[in-house]
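The chain contents come next:
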Amino acid sequence: MGNIVNAVKVFRSPVVVTVWTGERPKSGTDCVIRLKLYDQAGTALPEVELDNFLLDDFERGNEDEFGIPADFPEFLGIRIQIHDKRTSKFYEFPILRWIQPDVTWNVSLYDTSLPVADKNPEQRAKELAEKKELYKLTVKVEGMPVQIDTLTEDEFFDDKAKAASAWTKVGVFGEKAAMKVMAKDRWEDLHQLAAVYRTIGLDAPKSLTNWKTDEHFAAQRLSSCSSNLLAQCASGIPANFPVTEDMVKPLLDGETLEDIKTQNRLFIVDLKILEDIKCPDDRPLCAPMALFFLNKSKVLMPLAIQLYQKEGDDNPIFLPTDDPYVWLLAKMWFNNADCAYHQALSNICFTHLAMESVALCTNRNISPSHPIYKLLAPHIHNLPIVNGLTRSKLMAAGGWIDKTMTIGREGAQQLIIKAWKEWRIDADGILMNSLTFKGVESESVLPDYHYRDDAVLIFDLIKVYVEEIVNHYYKTDDAVVADHELQAWGAELAAPHADGAGCGIQGVPGDGKFEKKSDLVQLLNTIVYICSAGYAAANYAQYETYAFPPNYPTILNGKPPSDKKALTERAIVDAIPSIEQSLDVMVVTQLLSKRVSKALGDFDVLYIYEPEALKIVQKFKDGLKKVSVALKERNAKRARPHVILDPVDIPNYINL
């Protein structure tokens, strides 16, 4: 196998080259490695063989030093990094590629250029042609986003082993937890469930203490796993959700529904998209609607829930004034539906799968020497292998989703297909566009919307970062138009899938034909945000949200209530998942909520070396530190702290 070189530097006189061999499996090599230097005029200097007598150089993870002759001119143009102490200058020549045996690789200073300026265009074109063979696109399930056809050797590296190890540990932990608890299949009561965390060695989620309250139920729309569904009821309550003034009058403190609507204080979550989804074993899945309002204290509260779209005698409108356990069960069935949306769409489809399409298309069309590749690489890192594990652990037949979720694997696939037809990266993907469409972009309309307030800070900061990088490398709009790699990338992102190409992502600016720098900035901003903060928002609240099953049940037993006859707590206990299902949810969502990579801006691999671009990166890092301080100050004052979008907890890429 070839050698992947991460860095070279000279740090003592006369001249010493230090080579760091990559840590990925099979990175080491026994091949002869030769170094050819060029002076500033482009004249080749004597070739140097990098070899230490009787030492095993270029082993995986090694740091090897090689002495080379000192009679070189002042400017040293070589790959990776050379430090010439005679001039106190550093020269960076990053490779970050697999170098195959018997291959000569030419690397320019900083290895960063647009295609038109590349000094080795044939090498660049050949590399991209090879990568198109490695990163073949396929549709594994008709109507779902494209995925990699076969994982390439380049994808099999340490992160795969780390992720696989994490899943193995989860399995072992789950087995041990089950042995401690599972004398029976069903929970005896809520007290037994509440006591299980100490028994199995997990922290009790905060929802354990407040899950029954209406304020908590409403707050889940503002700062939880699925905080992107709440919309202003600008056009009034839907006709198929016939909430009347008399129904909710006791809740409005002397106000009327019309008053609240006129003052933009009426909101809705409508999960119509779940209608007609078929679940395994005929499990019932609601397609509910819930109405919320801002009360006089500016606190969001629920007004009504209808569990199915078609009104009827067996589909009543449930109210906070109903029997307490009837109302509680209605909230649980609503959250069960919300959970299906969250896992299948917010998490898997709009994050994992959509960004795998982007990652594959980027590798197929944009050279690793391209500045846009270097911008995106830290954020699309390793997605095919991560998604491969997701499919094998979560989405496989008989896997976690089949065992623990109402929707099951087949239902999740149906939902993804249904949603992917409508999802647009320029509408649903762009944070502020999505918020504006729903009428909830303003704090004056909806205060204490912590997800929005924190996410916008991150999104806007990423935009500044991306915009400065784009402006640094593209001085005019014409330069964007002339970049054939960029244009090929955009075209393939937008094109319907056919003959092993095309990602079919709707809403790519210009249908994939970039005519302005602003088009490129918009798309790159969205991609970096989704892969980092968007992923954090969809994942890192999972344990707190899911780990107490009645709070956000993945699956419920029995049928949704079809009338308002009074119930007891027994109805709640009978509905919640089995002990085995509950434990599976606890241990898996704990893993999915873990921070397992470096924080946003602290890149696991540095791709950008060009000095002016590095200044932009540093400015981005400084901005993230300021945002982190600001969010910590916000959370110190909040009744409900929202910590998952603090930059110190946001990853660079989708990692589990």
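Residues numbered from 1 in each chain as written. Predicted model: local features only at pLDDT ≥ 70, side-chain atom pairs only at ≥ 80, totals over all residues. Heavy atoms only, no water.

Enquirer: Could you give me a rundown of the sheet that holds strand S13 (residues 289-294), with the residues and numbers involved?
Expert: Strand order across the open sheet formed by five strands is S11-S12-S13-S14-S15, with antiparallel pairing between neighbours. Edge positions in the sheet fall to strand S11 (231-232) and strand S15 (317-318), since each has one partner strand and no second. Pairing of strand S14 (residues 300-306) with S15 involves two bridges; the strand directions are antiparallel. Bridged to Ile-305 within S15 is Phe-318. The strands touched by helix H8 (residues 324-365) within the sheet are strand S12 (266-270), S13, S14 and S15, with S14 carrying the most contacts at an inclination of about 85°. (Pairing = 2+ DSSP bridges. Helix = DSSP H or I, 4+ residues; strand = E, 2+ residues; numbered from the N terminus. Contact = heavy atoms within 4.5 Å. Axes fitted to C-alpha atoms, helices over the stretch in contact; angles between N-to-C directions.)

Enquirer: Which residues make up the side chain of Thr-112, and what values do they have?
Expert: Tracing the backbone through its elements, the reader meets Thr-112 in the loop between strand S8 (98-99) and helix H1 (121-134). In terms of polar contacts, Thr-112 uses its side chain to reach the backbone carbonyl oxygen of Tyr-110, at 2.8 Å. (Polar contact = N/O pair within 3.5 Å; in protein donor to acceptor, adjacent residues only side chain to side chain.)

Enquirer: Run through the pairing of S14, naming residues and quoting values.
Expert: Counted residue by residue, S14 has seven buried out of seven residues, so it is predominantly covered. Direction of pairing for S13 relative to S14: antiparallel, over a ladder of six bridges. Opposite Leu-291, over in S14, you have Ala-304 as the bridge partner. Between the antiparallel neighbours S13 and S14 lie five residues, among them Lys-298 with a positive phi of about 65°. (Buried < 20%, exposed > 50% of the residue type's maximum accessible area, 1.4 Å probe, protein only.)

Enquirer: Could you give me a rundown of the packing of helix H13 (residues 431-438) against helix H14 (residues 450-473), with the residues and numbers involved?
Expert: Contact geometry for H13 and H14: axes closest at 10 Å, N-to-C directions at 145°. Taking contact as the criterion, the partners of Leu-431, Met-432 and Leu-435 in H13 are, on H14, Tyr-451, Arg-452, Ala-455, Val-456 and Phe-459. Of the residues that constitute the contact of H13 with H14, the class distribution is seven nonpolar, no polar and one charged. (Nonpolar A, V, L, I, M, F, W, Y, C, P; charged D, E, K, R; others polar.)

Enquirer: Can you break down helix H10 (residues 383-395) residue by residue, with the values?
Expert: Look at H10: only 16 Å from first C-alpha to last across 13 residues, short of the 18 Å you get at 1.5 Å a residue. For H10, the complete set of buried residues consists of Leu-383, Pro-384, Ile-385, Val-386, Asn-387, Leu-389, Thr-390, Leu-394 and Met-395. (Expected span 1.5 Å × (residues − 1).)

Enquirer: Which residues make up the pattern of salt bridges, and what values do they have?
Expert: One pass over the full model with this rule turns up 24 salt bridges. Across the pair Asp-214 and Lys-331 runs a salt bridge whose closest N-O atoms are separated by 2.8 Å. Taken together, the residues span a long stretch of sequence, with Asp-214 in helix H5 (residues 214-219) and Lys-331 in helix H8 at a distance of 117 residues. Just as Asp-214 is buried, Lys-331 falls in that class too. Here Asp-646 ties to Lys-632 by a salt bridge, and the two come within 2.6 Å at their closest N and O atoms. Of this pair, Asp-646 sits in the segment after helix H21 (611-637) while Lys-632 sits in helix H21, placing them 14 residues apart in sequence. Judged by relative accessible area, Lys-632 falls into the partly exposed class, the value being 46%. Salt bridges sharing partners connect three or more residues here, namely Asp-118, Arg-124 and Glu-485. (Salt bridge = Lys/Arg side-chain N within 4 Å of Asp/Glu carboxyl O.)

Enquirer: Describe the environment of Thr-138, with residues and values.
Expert: Within the fold, Thr-138 resides in strand S9 (residues 137-138). Along the primary structure Thr-138 and Gly-500 are separated by 362 residues, whereas in three dimensions their C-alpha atoms are 6.0 Å apart. When neighbours within four sequence positions are excluded, Thr-138 is seen to be in contact with Val-146, Gln-147, Ile-148, Asp-149 and His-497.

Enquirer: Can you break down the pairing of S12 residue by residue, with the values?
Expert: Counted residue by residue, S12 has four buried out of five residues, so it is predominantly covered. Inspection of the sheet shows S11 paired to S12 by two bridges, in the antiparallel sense. Along S12, the bridge assignment pairs Gln-232 with Phe-267. Pairing between S12 and S13: five bridges, direction antiparallel. Following the sheet pairing, Phe-267 is matched in S13 by Phe-292.

Enquirer: Break down the side chain of Glu-610 for me, with residues and values.
Expert: Looking at the element boundaries, Glu-610 is found in the loop between helix H20 (579-592) and H21. Of the side chains with opposite charge, Lys-615 comes closest to the buried, unpaired Glu-610, at an N-O distance of 8.4 Å. Within the local environment of Glu-610, its side chain forms a polar contact with the side chain of Tyr-473, the two groups lying 3.2 Å apart. Discounting chain neighbours no more than four positions away, the residues touching Glu-610 are Tyr-110, His-472 and Tyr-473. (Lys, Arg positive; Asp, Glu negative; His and termini not counted.)

Enquirer: Lay out the confidence of the model for the protein chain in plain terms, naming residues and giving numbers.
Expert: It should be kept in mind that the predicted coordinates are not to be read in detail where pLDDT is low. Confidence along the protein chain averages 88 in pLDDT terms, with 86% of residues attaining 70 or more. The model gives residues 1-13 a pLDDT under 50, and that stretch makes 76 contacts with residues more than four places away or in other chains. Below pLDDT 50 for its whole length, residues 72-79 participates in 30 contacts with residues either more than four positions away or in separate chains. (pLDDT = per-residue confidence, 0-100.)

Enquirer: Tell me about the state of the cysteines, residues and numbers included.
Expert: Tallied over the entire structure, the rule returns zero disulfides. The thiol of Cys-279 is not disulfide-bonded; the next cysteine sulfur, from Cys-286, is found 9.9 Å away. Classification of Cys-279 by relative accessible area gives buried; the value is 10%. (Disulfide = S-S within 2.5 Å.)

Enquirer: Pulling in residues and values, what's your account of the nonpolar core?
Expert: Core analysis: the largest hydrophobic core is formed by 163 residues, its most contacted members being Met-355, Tyr-465 and Trp-489. Per-element accounting of this core gives the leading share, 24 residues, to H8. Excluding anything up to four places from it in sequence, Tyr-465 contacts Leu-375, Phe-603, Ile-608, Ile-616, Val-617 and Phe-620. Counting 17 residues, the second largest nonpolar core, distinct from the first, contains Met-289, Leu-291, Ala-304 and Leu-319. (Core = buried A, V, L, I, M, F, W, Y, C linked by side-chain atoms within 4.5 Å.)

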